[in-house]
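# Structural description and commentary
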Amino acid sequence: MFPSKTQKPLVEVRGLSVDMPLAGGKDGLRIVDNIDFSIAVGERVALVGESGSGKSVTARAVMRLDPVARLSGKIDFEGRDLLTLSEKEMRHYRGSSIAMVFQDPMSFLDPLMTIGDQVAETLRIRGIGRVEARKRALSVLDELGVDRAAERLGSYPHEFSGGMRQRVVLAMALVGEPKLLIADEPTTALDVRVQDQVLDLLDDVSTRRGLAVLFITHDLGVVAGFAERVMVMYSGRIVEDGDVHAVFKDPKHPYTRGLIRAVPRIDQDLEELYAIPGAPPAPMARPAGCPFNPRCSDAFDRCRAELPAVLPVTGERVACHLHDRKGA
Amino acid sequence: MTTVSAMSGAPRRRRLALSPFDTAVIVLVCVLLLAAVFGPFFAPDSIYTSDIANSLMPPSAANWFGTDDQGRDVFWRLVAGARTTLLSSFLVVTLYSLIGVTIATVAAAGPRWLDEALMRLTDIGLALPSMIVALGFAAAMGPSLKSAIIAMAITGWPTTARLLRGIMRQTMESQFVAGAQVLGVSRWRLMTKHVLPNSLDVLIVKWAGDIGNTVLVLASLSFIGVGAQPPSPEWGATIAGARGYVSTAWWTVVMPGAAVAITSIAFGLLGDIIQVRRDPSLGGN
Amino acid sequence: MLLTVDRINKSYSSFPNPPVQVLHDVSFSLAPGQALGLVGESGSGKSTIAKCLMALAAPESGSILYDGMDVSKARGAELLRFRREVQMVFQDPYGSLNPRMSVEELIGEGLLVHKLEPTAARRRERVAEIMRTVGLNPDDMVRFPRSFSGGQRQRIAIARALVIGPRILVCDEPVAALDVSVQAQVINLLRDMQRKLGLAIVFIAHDLAVVRHLCDSIVVLHKGRVVEAGPRADIFERPREAYTQALLAAVPVPDPEIGRARRERRHVLT
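Definitions and limits used
- Residues numbered from 1 in each chain as written.
- Chains lettered and ligands numbered in written order.
- Predicted model: local features only at pLDDT ≥ 70, side-chain atom pairs only at ≥ 80, totals over all residues.
- Heavy atoms only, no water.
- Helix = DSSP H or I, 4+ residues; strand = E, 2+ residues; numbered from the N terminus.
- Rg over C-alpha atoms; globule rule 2.2 N^0.38 Å.
- Buried < 20%, exposed > 50% of the residue type's maximum accessible area, 1.4 Å probe, protein only.
- Contact = heavy atoms within 4.5 Å.
- Areas by Shrake-Rupley, 256 points an atom, 1.4 Å probe, with all protein chains shown as cover.
- Lys, Arg positive; Asp, Glu negative; His and termini not counted.
- Charge placed at Lys NZ, Arg CZ, Asp CG, Glu CD.
- Buried area = accessible area lost by both parts, 1.4 Å probe.
- Salt bridge = Lys/Arg side-chain N within 4 Å of Asp/Glu carboxyl O.
- Polar contact = N/O pair within 3.5 Å; in protein donor to acceptor, adjacent residues only side chain to side chain.
- Nonpolar A, V, L, I, M, F, W, Y, C, P; charged D, E, K, R; others polar.
- Core = buried A, V, L, I, M, F, W, Y, C linked by side-chain atoms within 4.5 Å.
- Domains from an automatic or database assignment.
- pLDDT = per-residue confidence, 0-100.
- Phe/Tyr/Trp six-rings, centres within 6.5 Å; stacked < 30°, edge-to-face > 60°.
- Pairing = 2+ DSSP bridges.
- Axes fitted to C-alpha atoms, helices over the stretch in contact; angles between N-to-C directions.
- Patch = residues over 30% accessible without salt bridge, like charges linked within 9 Å, V, L, I, M, F, W, Y side chains within 5 Å.
- Disulfide = S-S within 2.5 Å.

Moving on, we come to the overall build of chain A. Along the backbone of chain A there are twelve helices and twelve strands. For chain A, whose C-alpha radius of gyration is 21 Å, the value lies close to the compact-globule estimate of 20 Å for 328 residues. Projected onto its principal axes, the C-alpha positions of chain A cover 65 × 50 × 45 Å. A buried classification covers 55% of the 328 residues belonging to chain A. A separation of at least 24 residues holds for 64% of the contacts in chain A among residues at least 6 apart in sequence. Of the roughly 13800 Å² of accessible surface on chain A, 52% is carried by carbon and sulfur atoms.

Once that is clear, we can look at the overall build of chain B. A tally of helices and strands in chain B yields eleven helices and zero strands. Reading the secondary structure of chain B in the N-to-C direction produces α-α-α-α-α-α-α-α-α-α-α. Dimensions of chain B, computed from C-alpha atoms along their principal axes, come out at roughly 90 × 50 × 30 Å. Relative to its full complement of 285 residues, chain B shows a buried share of 45%. Pairs at least 24 apart in sequence give 70% of the contacts found in chain B among residues at least 6 apart. Carbon and sulfur atoms make up 68% of the accessible area of chain B, which totals about 14000 Å². Side-chain charges of chain B comprise 20 positive and 15 negative groups, with the mean position of each set lying 12 Å from the other.

At the interface, 45 residues of chain A touch 40 residues of chain C. In total, about 3700 Å² of surface goes out of reach between chain A and chain C, with carbon and sulfur atoms giving 52% of it. For the pair chain A and chain C, the number of links is four salt bridges. When the shortest N-O distance is used, the salt bridge between R212(C) and D269(A) registers 2.8 Å. Inspection of the chain A/chain C interface yields 16 residue pairs in polar contact (both at pLDDT 80 or more). Taken together, the elements giving at least two residues each to the side of chain A that touches chain C come down to α7 (192–209), α8 (220–226), α9 (244–249) and α10 (254–262) of chain A. Element by element, the count of residues in the side of chain A that touches chain C is highest for α7(A), at eight residues. Its residues assigned to classes, the side of chain A that touches chain C shows 22 nonpolar, eight polar and 15 charged.

Before going further, it helps to spend a moment on the nonpolar core. Residue and element names in this part refer to chain C. If you look at the biggest cluster of nonpolar residues, it comprises 85 residues, and the most contacted ones within it are I107, L169 and F203. With eight residues, helix α6 (residues 180–197) is the largest single contributor of residues to this core. A domain split of this core shows at least three residues from each of domain 1 (3–238) and domain 2 (239–270). If sequence neighbours within four positions are ignored, L169 has contacts with Q87, M88, V89, A161, L162, L190, L199, A200, I201 and V202.

With that settled, the discussion passes to the confidence of the model for chain A. Residues at a pLDDT of 70 or more form 95% of chain A, whose mean pLDDT is 89. Below pLDDT 50 for its whole length, residues 1–5 of chain A participates in 13 contacts with residues either more than four positions away or in separate chains.

Once that is clear, we can look at the packing of aromatic side chains. All names here are of chain A. Across all of its chains, the model carries twelve aromatic pairs over all chains by this definition. Ring geometry for F77 versus Y93: centroids 5.8 Å apart, planes at 85°, classification edge-to-face. You can see F77 sitting in strand β4 (residues 70–77) and its partner Y93 sitting in helix α2 (residues 87–96), a full 16 residues away along the chain. Overall, F77 belongs to the buried group, its relative accessible area being 0%. For Y93, a relative accessible area of 11% puts it in the buried group. Seen in terms of ring centroids, Y234 and Y255 are 4.4 Å apart; in terms of plane orientation they differ by 50°. Their pairing is tilted. Here the residue Y234 occupies a position in strand β9 (residues 229–234), and Y255 occupies one in helix α10, the gap between them amounting to 21 residues. In this structure, Y234 and Y255 share a single accessibility class: buried. Among the aromatic side chains, those forming a connected cluster through ring pairs are Y234, Y255 and F292.

Right, let's talk about the sheet that holds strand β10 (residues 225–231) of chain C for a bit. Residues and elements named next belong to chain C. Strand order in this open sheet of six strands is β6-β7-β8-β3-β9-β10, and the pairing throughout is mixed. Looking at strand neighbours, the two that pair on one side only are β6 (86–89) and β10, the edges of this open sheet. When the angles between neighbouring strand axes are averaged without regard to direction, this sheet yields 15°. With six bridges connecting them, strand β9 (residues 217–222) and β10 associate as antiparallel partners. Residue pairing for β10: L221 is matched across the bridge by V226.

Turning our attention to the sheet that holds strand β10 (residues 237–243) of chain A. Residues and elements named next belong to chain A. On the basis of which strands lie adjacent, the open sheet formed by eight strands has the order β6-β7-β8-β3-β9-β10-β12-β11 and mixed pairing. Of all strands in the sheet, those bounded by a partner on one side alone are β6 (98–101) and β11 (311–313). With strand direction ignored, the average angle separating the axes of adjacent strands in the sheet is 20°. Pairing analysis gives four bridges linking strand β3 (residues 44–48) to β9, with the strands arranged parallel. When the sheet's bridge partners are listed, L47 is paired in β9 with M231. Taken strand by strand, helix α1 (residues 55–62) contacts β3, β6, β7 (180–184), β8 (212–217) and β9, and its axis lies near 150° from that of β8. Here helix α6 (residues 162–174) sits on the sheet in contact with β6 and β7, set at roughly 170° to β6.

Glancing now at the side chain of S97(A). Topologically, S97(A) is positioned in the loop between α2 and β6. In this view, S97(A) contacts F77(A), P178(A), K179(A) and L180(A); residues no more than four positions away in its chain are not counted.

In this section: helix α1 (residues 46–53) of chain C. All names here are of chain C. For α1, a buried count of six out of eight residues is recorded, marking the element as mostly surrounded by other parts of the structure. Inspection of α1 places K46, T48, I49, A50, C52 and L53 among the buried residues, and these make up the whole buried set. Remark: A55 follows α1 within two positions and exhibits a positive phi of approximately 60°.

Another point: the pairing of strand β8 (residues 200–205) of chain C. Residues in a regular strand project their side chains so that they alternate between the two faces of the sheet. Residues and elements named next belong to chain C. Taken across its six residues, β8 has six buried, putting it largely inside the fold. Residues of β8 alternate between two faces, with A200, V202 and I204 on one and I201, F203 and A205 on the opposite face, all of them buried. Sheet analysis places strand β7 (residues 168–172) next to β8, joined by five bridges and oriented parallel. Each residue of the ladder has a partner; that of D172, found in β8, is I204.

Judged by side-chain polarity, L34(B), V37(B), F38(B), F41(B) and F42(B) come together as a nonpolar surface patch covering roughly 570 Å² of accessible area. In this fold, L34(B) is placed in helix α1 (residues 20–42).

This model, assessed by the stated rule, comprises 54 salt bridges over all chains. Here K135(A) makes a salt bridge to E132(A), at a shortest N to O gap of 4.0 Å. Of the two residues, K135(A) and E132(A) are both situated in helix α4 (residues 130–143); the distance of three residues between them amounts to about one turn of the helix. Judged by relative accessible area, which is 33%, E132(A) ranks as partly exposed. Among the ionic pairs, R7(C) bridges to D6(C), the shortest N-O distance being 3.2 Å. Judged by relative accessible area, which is 51%, R7(C) ranks as exposed. You can call D6(C) partly exposed: its relative accessible area is 30%. Several salt bridges share partner residues, and in doing so they unite E43(A), R229(A), D241(A) and R317(A) into one network.

What follows concerns the state of the cysteines. One pass over the structure, following the stated rule, counts zero disulfides over all chains. Free of any disulfide, C52(C) has its nearest neighbouring cysteine sulfur in C171(C), separated by 18 Å.

The subject of this paragraph is the confidence of the model for chain B. Residues and elements named next belong to chain B. Model confidence for chain B is summarised by a mean pLDDT of 84, while 91% of its residues fall at 70 or above. Overall, residues 1–14 carries pLDDT values under 50, and its contacts beyond four positions in sequence, including any with other chains, amount to 38 contacts. Scored below 50 in pLDDT, residues 280–285 shows 13 contacts in the model against residues more than four places distant or in partner chains.

Moving on, we get to helix α7 (residues 175–183) of chain B. When you tally the buried positions in α7(B), you get seven out of nine residues, the bulk of the element. Residues F176(B), V177(B), A178(B), G179(B), A180(B), V182(B) and L183(B) constitute the buried set of α7(B). Contacts made by the buried residues of α7(B) are with α6 (157–171) and α8 (187–195) of chain B together with α2 (76–85), β6, α3 (103–113) and α5 (150–162) of chain C. One or two residues past the end of α7(B) sits G184(B), with phi positive at roughly 95°.

Here is the structure:
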């Protein structure tokens, strides 16, 4: 829905909802509630939110990774709705068109398999020959700045540091030449200096390959340094979506505004941090109306009664009654 | 500073649905417990007297499981024996659990040399076949149900001690235990208030399985003559009393044998059911 | 000085590997009412320092002096006084509270252990009072930790530490596990408490931005050594050591203009 400046959308998500079944209960728990967004070819988009906001579930839904999750809506990827594909067709998309990296690289590496074999495996599954697969694995590892990559193809994951493991996992994701990379908090577990290197790397690769990136994070600093566009999620909905410069300069949603003011800064002394009162609601205890209303200092009657729609506001999309009133 | 309240909707405790088989096991255990508690009130007095005219009658409408060599009803003797068997097993498990908990706590709390010493003692206890040791104890004290119970209580603790000491060591690594130490709580309070209550879960699972096992061992001891003595309706003693009639009157041996087997298995399965329900990784709590 | 750490060394051995030295001659000191930040990446030894500071582990050489007492040698009544006057808040709000104790028991435990309030009724009053101070509702004291969110649990942990009136509060990554919006609440609370109670704080963290906000002086650690130490302004505005400079440069800033510019500059350099 958000018009990208230059290119046609690579992914277009319409009315996506994700329900997780509850043990014993018939009704699922709605984790993601009717969200729309799109990502253009080569675009770097950050999806920010706190725990329970549904950001990771959204990312996994695009890959259809949770077999028990009930997905509804549409996820158009280059004109095909991913939700209508069979599991077998979906497997074809995973890795070759859409790839994903996660917070904990170790859980995605087989400790008993060499790095070279693991990176090449994505290609081997697609019927590419041993020699060719190895060659391409090597070139990707090289591209990702793994020193002496040729020598290290025979190494095992435990011989690598955390940052290097994350590079290997990135190589596994990128060797199939995907068009979209979904990165779910890939730098959260890393030390700042390593995080910085990995972000630089992602930045380079994305620019060089024209790779679109959906970057899931809770860290606004990472968003500001990496993304072109930011989508803010709260309690299962996208509450603000806009150009990263515009959102940081003039956040439209009170939640976004509060979040930005709540982050301590390395580059300035702040007298007092702004603290949003309360805590994000659990998915089973969402308040009526706007889910943010109990924590919002600007809330009025309508906020407590009616869920705000996502509406265009000066080049952004915002779900807040404050802006609806001004617009009307 | 704003005041925040506790979350109104604490996540509901999730329960796993019971399968029909699980339900059957639980019903069976309940029936056994009810029989042990109330059975003796309903049992006819004739099960303690002999009626030679009616001896070794096969199962019939009047005597569901037939009669034994003394003409006593096998079914009602089993019901009466359930109390002796189950009550004794509960007593045995409770006693050795207490010993095990004490040894585990002292080992986990104490200095390293004491821990080492107690664990070596436990190793010795684990290495010795408890049945043989119990046999020796019971023989030395004179064969009776009481000696069998005491013998089993003082030989049964090593598995409990070993298991619990391991769990307690693990619990002692928790942050809240470090927190209590930092607060300056005494060693005694640390163990009884913080470590032990957060380690005992595992014993609840073990308890049910242990009952099943004890029923079997106790019946075995009685069978070989060092536990309950005939004419007690205790199941092992009953089998021992009837073993001469296996070929002529199978029911006198098979019925009490089946009672021992079914009870033992039922409690063992109950342990598994509780375990699944308490293990967070399996979705219980 | 209230607390003086003097050239402590510590190593861990895990058989069959050779022992690894995790602290090398670490020294720093803390004045009454001061907020000191210990920052470092993983493997910097900051958690080991916390353990030594709290007398949960003893350094192999060097000393930690608190108000004239050698912390690692304190026993009995002396150790109990140390425990009363030096308290700690842990990182994990889910693991640091005994799940089987009510909030009243948790917060009141220190009063009981140190025999500060003889009657249960007085203890309850004190618990209610401190709960109000840290922004909790005293009606919730009958509840158990599982019914509280991460931020509220951290408030309980802070109340539990503060109720016995310590002079030093050691905080080991107290906000690292919290959401951004809740993190600010806890940081503000710690700052309020420090000012209101004249509390000295040792704040151990990997997040330099949080440390900048909360601490007057900073000790930068790297691989078990003190790399640089000094007042906040010196460390953040005029870092001398290359390591400190690299660390500061890597911290993301929530401002796209600055973030972009920094990244571009780096690309030109490499």
